[in-house]
Number of protein chains: 2
Amino acid sequence: MEYELSSRKRAILKAVIDAYIESGEPVGSKALTQGQQFEISSATIRNEMADLEALGYLEQPHTSAGRIPTELGYRFYVDCLMQDYALSSGELAQLNAMLKAKTAELDKMLQNAGKIMANLTNYTAIAVKQQGGAGTVTRFSVTFIDEHDFLLVMVLDDRSAVTRFVRTETAIDENVTEALERTLNAFIAGKDLSLITLPYLMQVEKSLGSYGALISPIMKFIYEAVGSASEKDVHFDGVDKLLEYPEFTDSSKLKEVLGMIDRKSELVGLLSGGEEDVTICIGRENGVEALAGSSLVFKKIVVDGKVVGAVGVIGPCRMDYSKVVSAIRYLSGGIESAMTPVSDKRLAPPDAGKTGGNTTGGKDDP
Amino acid sequence: MEYELSSRKRAILKAVIDAYIESGEPVGSKALTQGQQFEISSATIRNEMADLEALGYLEQPHTSAGRIPTELGYRFYVDCLMQDYALSSGELAQLNAMLKAKTAELDKMLQNAGKIMANLTNYTAIAVKQQGGAGTVTRFSVTFIDEHDFLLVMVLDDRSAVTRFVRTETAIDENVTEALERTLNAFIAGKDLSLITLPYLMQVEKSLGSYGALISPIMKFIYEAVGSASEKDVHFDGVDKLLEYPEFTDSSKLKEVLGMIDRKSELVGLLSGGEEDVTICIGRENGVEALAGSSLVFKKIVVDGKVVGAVGVIGPCRMDYSKVVSAIRYLSGGIESAMTPVSDKRLAPPDAGKTGGNTTGGKDDP
DNA sequence: ATTAGCACTGTGCAAAGCCGAGTGCTAATT
DNA sequence: AATTAGCACTCGGCTTTGCACAGTGCTAAT
C-alpha cells in the first residue's frame, strides 16, 4: 500500500501534514510552493494532491479550501514520514530537572512527569500508575490500631503498597493482629495476583475457620484491592490546554473529551492495551467514540519486566506527534531507569557512593 | 442594610433570582407577572426592579434586556431569601446508597461522594482529603521486604496512612526492621504532626546514634509526608458538566476554571479557609481572579473534632444554591458519621444491631 | 401608590452581497 | 508523457442592511 506512493507524493503529503499541524488551516497548493522546498508549480502539486485525496490520505473540508490530512494520512505520517524531533537544550533541561528529583517513588515521579509533559508539549498529559494488576503479593502487614480497628497493608512486588483500615465487630488485641499477619502471609503472600480470585479467597476463608467474622471483610478488601486500578491512580495535567486548539472550540467535542477524562477507568483500559514502545492512537483508532477527533499518545513504563504505569498525552488529531513522541520516550526512559532497584544496578559499578540510602541514577542523554 | 428592603422588594428579588437560576435568561418585569404569584402590574415591578438595581442587587446586561442578579444579589439571596431544598426521595436514595457502601475508608468515600454530587447537582464536584495536616501520628509500622528494602507505614489518627518504600545501602534483616519500628513508635508516635519539624527530627536522629545511615532518609520521608497534602488527594468529578452552562461557552472563562482545576494546591488552599457549616463563595468573594464568574460551595468534613477533608461543587454563579447546600449538608453529615469510630458511637445506643457500624441519621427538612 | 400607554433602545437573526482562496479542467509548452 | 499557465467556478466567511422583539423609563391618568 505505502509503496504505491512516489517519493514526490510522499514529500508533498509530509509537507501538507507538517504545515497543517503547525497552522491548523487547510493547506493549499500555492502555500506549498511558497515554502522554498518545491521546484514544481502549484498546478502540479494540485494534481498530486488530487491523487492523494483519491488514495484517502487527504481530504477537503469543502470545495474551495485546501487539504487536510485524514486519519489514514496521519497514520502514514507517523509510520513512515515523520522525522525524529530533537529536543532543544531548554526542553532537555526541563526534563532532566524532573528526573533528577530522585524521589524513587513512582507516584511522585508520575505526578511530576505529567506536569512537565503538559508544559512541554502543550497538550493534556495523562499519568497512570499501576494499570497492570499483574504481579505478586510480596507480603502482608497487619498493624494494630485500637480494639476495633487495624490497618492492613498489602505489599506488591512492583514496589507499591495498598492500605486498608478495617473495623472489626469483635474486640481485638495485638495478638490477634500478629496472628492474622502470619496467617495472611502463609496463605496468600507470594501468590500471583491473578490467582487471587474470589473463589480462592473464599476457600482460604473456609479452611481457616477461626477468626471467623474477622476474615470475611478482609477477604473482600483484598479482592477489591487486587481488582482494577483504583481511580486515584490516574492523574491529569494541563486539561485547560485543550482549549487552545480550535478543534475543541466546538463544545460538544470538548465535552466528549472531558467526559472521557472523568471516566478514568475507561482511560486506564485504553492505556493498558498498547505496545512496548510508544503507542499512537489516531482518532477512531482507539475505538472509543468519545475520542474520535482526538489522538492519544502514550507509553507504558516498564520496570523489571513489569508494567508499573504509563505516561502520555491527549490532544487533537492535529498533534505534533514528532515532538510528543520524543518527549514521552525520553521521560519514560528516565523514569524507568530511576525506578530500577539499586540492587540491579549494583551489578555494574560496585559503588556509586556518597548520597547514601535511596539514590537513583537519573540518566543524562547527551 | 438588608432591612431597607420592603417585603415586596424581597419577594421580587427572590422571584427574579429563582427565575434566573432556572432559565439563565435575564428576567423581565412581564415574566414575573405571568407567574401567578404577583398581584401587581408589570409597571410596578419595573419600578421596584429599578430600585433594586440602584441598591446594587440587580443589573442589566444592556438597556433593553431583563435583569440579572449581581454578586451582592446572590449574597443576599443565599443569606436571607433562599429556602431549604427538600431532597426528593429519588435523590435521597442515591445519597443513601453511597453512604451505605460502608467502606469506612475516607478515600473511597470521598471518591464516591464526588461522583454522586456531580450527578445530583449537575455541577463539577470537588473532594479533598486531609487538607489540614493537623493531627497526630498514631503509630508506625516497618515491614521488611528484602535485604535492601523495607516499607515504612505511618498511621495517622484521622484514619489515613502514608506509605513509603525505603531503600537501604547497608543490608538489613527482620531484626533491624523490628527494632526500627519500636524506635519510631517510642520517639515519634503520639506526637502532634505540627511538632514533627525538621529540627525535632534531626534531634531525634542524633539522640539515636545507632542505625546511623538508616535513620536519615527515614526522617526526610517523615518530614515530607507530614508536609502539605499532596496533589493526589484532590479529586474532581463531572468536569464536563461545566460545559452545560452557557456562562462557560466563552472559552476564556472555561479556561480559567479548568486552569484552577489543574492547580489543585491552590484550590486546597481555598477550601481550607471556610467555616464549620457550608461555605458559599460567590464570584469574586473567593478572592481568586480565575474564579470570578464562578461560585464555590463546600463544607469541611470533621471527624472527632478534626478536619479530614472537604466536599463541594464548583459552577457558575448562577447556581442552584438551595439544592447544592442540601446535598452537601446531607452527604458530609453522612460521611462524618460513617467515619466516626465505632468506639465513640457505642456510648449512645448500646447496640444498633443489624447494619453494623456506620449508619447515618440524615435530616429531612420539610 | 399604582397603572396604562408610548417612545426608545439595543440585541439577535436572516437575507443579501462581496471578497478571496483554492480548486479542476483545458490547452499550451517542454 | 509530464508539466504548467490560465481561466471559470465554487463555496465559506465577512460585512452590511433591515427588521422584529423584548424590555425599559417616563409621563400622565386613575
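Residues numbered from 1 in each chain as written. Chains lettered and ligands numbered in written order. Predicted model: local features only at pLDDT ≥ 70, side-chain atom pairs only at ≥ 80, totals over all residues. Heavy atoms only, no water.

A. Representation of the pattern of salt bridges. Counted under the stated rule, the structure contains 34 salt bridges over all chains. Among the salt bridges present, the one from R329 of chain A reaches D277 of chain A, with a minimum N-O distance of 2.9 Å. With R329 of chain A in helix α12 (residues 321-339) and D277 of chain A in the loop between α11 (264-272) and β8 (279-282), this residue pair connects regions lying 52 residues apart in the sequence. Classification of D277 of chain A as partly exposed rests on a relative accessible area of 34%. Note that R318 of chain B and E247 of chain B form a salt bridge whose closest N and O atoms lie 2.9 Å from each other. Note that R318 of chain B is positioned in the loop between β10 (306-316) and α12 (321-339) and E247 of chain B in the loop between β7 (234-237) and α10 (251-262), a separation of 71 residues in sequence. Taken together, the salt bridges that share partners define one network made up of R8, K9, E48 and D51 of chain A. (Salt bridge = Lys/Arg side-chain N within 4 Å of Asp/Glu carboxyl O. Helix = DSSP H or I, 4+ residues; strand = E, 2+ residues; numbered from the N terminus. Buried < 20%, exposed > 50% of the residue type's maximum accessible area, 1.4 Å probe, protein only.)

B. Expanded view of the protein's contact with DNA strand D. Lining the immediate environment of DNA strand D, one finds 20 residues, of which R8, T44 and T63 of chain A together with S29 and R67 of chain B sit closest. Between DNA strand D and the protein, one listed contact pairs a phosphate oxygen with a side-chain N or O atom of R67 of chain B at 2.8 Å. Secondary-structure elements contributing two or more residues to the surface near DNA strand D are α3 (42-55) of chain A together with α3 (42-55) of chain B. Taken together, the residues that form the surface near DNA strand D break down as four nonpolar, 12 polar and four charged. (Near = heavy atom within 4 Å. Polar contact = N/O pair within 3.5 Å; in protein donor to acceptor, adjacent residues only side chain to side chain. Nonpolar A, V, L, I, M, F, W, Y, C, P; charged D, E, K, R; others polar.)

C. Highlighting the protein's contact with DNA strand C. In the vicinity of DNA strand C there are 20 residues, among which S29 and R67 of chain A together with R8, T44 and S64 of chain B approach most closely. Interatomic distance of 3.2 Å between a side-chain N/O atom of R46 of chain A and a base nitrogen of DNA strand C. Within the side chain of R46 of chain B, one N or O atom sits 3.3 Å away from a base oxygen of DNA strand C. Those elements that provide at least two residues to the surface near DNA strand C are α3 of chain A together with α3 of chain B. Residue contributions to the surface near DNA strand C peak at four residues, all from α3 of chain B. The class makeup of the residues in the surface near DNA strand C is four nonpolar, 12 polar and four charged.

D. Structural context of the packing of helix α5 (residues 89-100) of chain B against α12 of chain B. Residue and element names in this part refer to chain B. The contact between α5 and α12 brings their axes to 10 Å, and the two run at 25 degrees. Considering their axes alone, α5 and α12 lie roughly parallel with respect to each other. Once α5 is placed against α12, the crossing between them reads as right-handed. Where α5 approaches α12, its residues E91, L92, L95, N96, M98 and L99 are matched on the opposing element by K323, Y330, L331, G334 and I335. Here the residues of the contact of α5 with α12 sort into seven nonpolar, two polar and two charged. (Axes fitted to C-alpha atoms, helices over the stretch in contact; angles between N-to-C directions. Parallel < 35°, antiparallel > 145°, perpendicular 65-115°, else oblique. Left-handed = near helix turned anticlockwise from the far one by under 90°. Contact = heavy atoms within 4.5 Å.)

E. Region of interest: the environment of P316 of chain B. Residues and elements named next belong to chain B. You can see P316 is positioned in strand β10. Exposure remark for P316: the relative accessible area of 0% places this residue in the buried category. For P316, the residues in contact, after removing those within four places along its chain, are Y123, Y245, E247, F248, G293, S294 and S295.

F. Summary view of the nonpolar core. Counting 171 residues, the largest nonpolar core has L296, V297 and Y321 of chain A together with L296, V297 and Y321 of chain B as the members making the most contacts within it. With sequence-adjacent residues up to four places away left out, L296 of chain A is seen in contact with I126, L267, L270, L271, T279, I280, C281, L291, V313 and I314 of chain A. (Core = buried A, V, L, I, M, F, W, Y, C linked by side-chain atoms within 4.5 Å.)

G. View of α10 of chain B. When the terminal C-alpha atoms of α10 of chain B are compared, their 16 Å separation across 12 residues agrees well with the 16 Å that a helix rising 1.5 Å per residue should span. Within the span of α10 of chain B, buried status applies to L254, V257, L258, G259, M260, I261 and D262 of chain B. (Expected span 1.5 Å × (residues − 1).)

H. Up close: the domain arrangement of chain A. Residues and elements named next belong to chain A. Looking at chain A, the domain boundaries give domain 1 (7-81), domain 2 (89-131 + 229-344) and domain 3 (137-225). Its C-alpha centre places domain 1 at a distance of 29 Å from the equivalent point of domain 2. The partner domain 2 presents 10 residues to the nine residues of domain 1 that form the contact. Both faces combined, the contact of domain 1 with domain 2 buries some 880 Å², and carbon together with sulfur accounts for 61% of it. (Domains from an automatic or database assignment. Buried area = accessible area lost by both parts, 1.4 Å probe.)

I. A look at the packing of helix α6 (residues 106-121) of chain A against α12 of chain A. All names here are of chain A. Two elements in contact, α6 and α12, have axes separated by 11 Å at closest approach and are oriented at 160 degrees. Judged by the inter-axis angle, α6 sits roughly antiparallel to α12. The way α6 lies across α12 gives a crossing that is right-handed. Across the interface between the two elements, L106, M109, L110, A113, M117, L120 and T121 from α6 touch K323, V324, A327, I328, L331, I335, A338 and M339 from α12.

J. Structural view of a nonpolar patch on the surface. Taken together, the side chains of L198, M202 and Y223 of chain A make up a nonpolar region of the molecular surface, amounting to roughly 280 Å² of accessible area. Its location among the elements puts M202 of chain A in helix α8 (residues 198-208). (Patch = residues over 30% accessible without salt bridge, like charges linked within 9 Å, V, L, I, M, F, W, Y side chains within 5 Å. Areas by Shrake-Rupley, 256 points an atom, 1.4 Å probe, with all protein chains shown as cover.)

K. Looking closely at the pairing of strand β9 (residues 294-303) of chain B. All names here are of chain B. Counting buried residues in β9 gives nine out of 10 residues, a clear majority hidden from the surface. Pairing between strand β8 (residues 279-282) and β9: four bridges, direction antiparallel. Bridged to C281 within β9 is L296. Both β9 and β10 contribute to a ladder of 10 bridges, which runs antiparallel. Paired with V297 across the bridge in β10 is V313. In this structure, the hairpin formed by β9 and β10 is closed by a connection of two residues, where D304 is found at a positive phi of approximately 60 degrees. (Pairing = 2+ DSSP bridges.)

L. Quick peek at the confidence of the model for chain A. Per-residue confidence for chain A gives a mean pLDDT of 83; residues scoring 70 or more make up 84%. Throughout residues 345-366 of chain A the model reports pLDDT below 50, and contacts reaching past four residues in sequence, or to other chains, amount to 34 contacts. (pLDDT = per-residue confidence, 0-100.)

M. Looking closely at α3 of chain A. Residues and elements named next belong to chain A. Along its 14 residues, α3 runs 20 Å from first to last C-alpha, staying within 8% of the 20 Å computed at 1.5 Å per residue. Looking at the buried residues of α3, the elements they touch are α1 (7-23), α2 (29-34) and β1 (58-59). One or two positions beyond α3, positive phi appears at G56, with a value near 95 degrees.

N. Broad picture of the environment of Q60 of chain B. Residues and elements named next belong to chain B. With respect to the helices and strands, Q60 occurs in the loop between β1 (58-59) and β2 (68-69). Sequence separation of Q60 and V155 is 95 residues, and the distance between their C-alpha atoms is 55 Å. In this structure Q60 touches E53, A65, G66 and R67, once residues within four positions along its chain are discounted. At 3.0 Å, the side chain of Q60 and the backbone oxygen of T63 are in polar contact.

O. Just the sheet that holds strand β7 (residues 234-237) of chain A, in detail. All names here are of chain A. If you walk across this open sheet you meet the five strands as β7-β3-β10-β9-β8, and the pairing is antiparallel. Pairing within the sheet leaves two strands with one partner each, and these edge strands are β7 and β8. Between one strand axis and the next, the sheet turns through 20 degrees on average, direction left out of account.

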